[in-house]
Amino acid sequence: MGQTKFKEVYFVSSNSNKYREIVPILSHHGIISRFVKISLKEIQSESIYQIAKAKSASAFEYLQKTVIIEDDGFYISSLKGFPGQYSSFVYKTLGNQGLLKLMENETDRKAYFISVIAYNDGLALKTFTGKTEGTLSRSATNGGWGFDPIFVPKHTSKTYGELSQLNRKSVFSHRYKSIEKFSKWYIRILLDETH
Ligand code: IMP
């Protein structure tokens, strides 16, 4: 029986908040990671999976190392899924107050987050998904980043922002789910390679 090779995996993103949230999960599984802070060009696509796959290919091409990237979408039911794959742009332009204003008179406040992690080692390209359903709050709370202050996941009355302040966001997080799936798969292939 050989020794387990703990290969490094590079997390490529312009968003250090994402890395801060995934590091403890990767470490918990014994996966060594490095953060490369660059902004990858995004293709225009309806599909968050296509965007994630293309981003992972650019990241691999740039680094020539085993990479993971993440692409997220935030979907509001009564807005027919808007902002979806345009979440980042909408956050920068409308912001949380703008979204709350848009939803002011809306009683259906269902929304969900999707996280797609794409792994790319130059040969294999694989995606892992995490989804968290919830509702849009009536007002913004403190804590967290992005839409954290206005999203209340199912099974709690607190926003991601408030949960983040209590170090409990990971209990509900879409990102936790996708990275946990990736970690379990990655550990498995590392073990298989060493036997
Ligand atoms: P991106 O295109 O993968 O960068 O993600 C889209 C946007 O969704 C981000 O820029 C954030 O505004 C928002 N977002 C993604 N994940 C989270 C989260 O965990 N909390 C709050 N906002 C998030």
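Because the structure is a prediction, the values reported are computed rather than measured.

A. The site of the ligand, seen in detail. Around the ligand lies a shell of 16 residues, among which Lys18, Asp72, Asp148, Lys169 and Arg175 are the nearest. At 3.0 Å, a backbone N or O of Phe147 approaches a nitrogen atom of the ligand. The protein chains hide 94% of the 480 Å² of surface that the ligand would expose on its own. Elements with a contribution of two residues or more to the shell around the ligand: β3 (67-76), α3 (87-93) and α7 (174-193). Counted by class, the shell around the ligand contains 4 nonpolar, 4 polar and 8 charged residues.

B. Main features of the packing of helix α1 (residues 16-28) against α7. Their axes nearest at 10 Å, the elements α1 and α7 cross at an angle of 40°. One finds that α1 runs oblique with respect to α7. Where α1 crosses over α7, the two elements pack in a sense that is right-handed. Packed against α1, whose contacting residues are Lys18, Glu21, Ile22, Ile25 and Leu26, the element α7 presents Arg175, Tyr176, Ile179, Glu180, Phe182 and Ser183 at the interface. In the contact of α1 with α7, the residues fall into 6 nonpolar, 1 polar and 4 charged.

C. Quick peek at the environment of Gly95. Relative to the elements of secondary structure, Gly95 occurs in helix α4 (residues 95-102). Along the chain, Gly95 and Tyr49 lie 46 residues apart, while their C-alpha atoms are 24 Å from each other.

D. Region of interest: the pairing of strand β1 (residues 8-13). By the criterion of burial, β1 is predominantly enclosed, with 5 of the 6 residues buried. Direction of pairing for β1 relative to strand β2 (residues 32-37): parallel, over a ladder of 6 bridges. Counted as the bridge partner of Val12 is Val36 from β2. As a crossover connection, the stretch from β1 through α1 into β2 is right-handed. Where β1 meets β3, 2 bridges bridge the pair, whose relative direction is parallel. Bridge pairing links Phe11 to Ile68 in β3.

E. Highlighting a nonpolar patch on the surface. Judged by side-chain polarity, Phe82, Leu94 and Leu102 come together as a nonpolar surface patch covering roughly 250 Å² of accessible area. For Phe82, a relative accessible area of 32% translates into the label partly exposed.

F. Just the pattern of salt bridges, in detail. Summed over the entire model, instances satisfying the criterion amount to 14 salt bridges. Its salt-bridge partner being Lys110, residue Asp108 comes within 3.2 Å of it at the nearest N-O pair. On the basis of relative accessibility, which here comes to 48%, the residue Lys110 falls in the partly exposed class. One salt-bridge network, in which partners are shared between bridges, spans Lys18, Glu21, Glu70, Asp72, Asp148, Lys169 and Arg175.

G. Geometry of unusual backbone geometry. The linkage connecting Phe82 with the following residue, Pro83, adopts the cis geometry, with an omega of 0°. Relative to the helices and strands, Pro83 resides in strand β4 (residues 83-84). Even without being glycine, Gln64 reaches a positive phi, approximately 60°. Turning to its location among the elements, Gln64 is positioned in the loop between α2 (48-63) and β3. With relative accessibility at 54%, the residue Gln64 sits in the exposed group. Here Lys80, not a glycine, exhibits a phi torsion of approximately 55°, which is positive. Along the chain, Lys80 turns up in the loop between β3 and β4.

So, how was this worked out
- Residues numbered from 1 in each chain as written.
- Predicted model: local features only at pLDDT ≥ 70, side-chain atom pairs only at ≥ 80, totals over all residues.
- Heavy atoms only, no water.
- Near = heavy atom within 4 Å.
- Polar contact = N/O pair within 3.5 Å; in protein donor to acceptor, adjacent residues only side chain to side chain.
- Areas by Shrake-Rupley, 256 points an atom, 1.4 Å probe, with all protein chains shown as cover.
- Helix = DSSP H or I, 4+ residues; strand = E, 2+ residues; numbered from the N terminus.
- Nonpolar A, V, L, I, M, F, W, Y, C, P; charged D, E, K, R; others polar.
- Axes fitted to C-alpha atoms, helices over the stretch in contact; angles between N-to-C directions.
- Parallel < 35°, antiparallel > 145°, perpendicular 65-115°, else oblique.
- Left-handed = near helix turned anticlockwise from the far one by under 90°.
- Contact = heavy atoms within 4.5 Å.
- Buried < 20%, exposed > 50% of the residue type's maximum accessible area, 1.4 Å probe, protein only.
- Pairing = 2+ DSSP bridges.
- Right-handed = clockwise from strand over helix to strand, strands pointing away.
- Patch = residues over 30% accessible without salt bridge, like charges linked within 9 Å, V, L, I, M, F, W, Y side chains within 5 Å.
- Salt bridge = Lys/Arg side-chain N within 4 Å of Asp/Glu carboxyl O.

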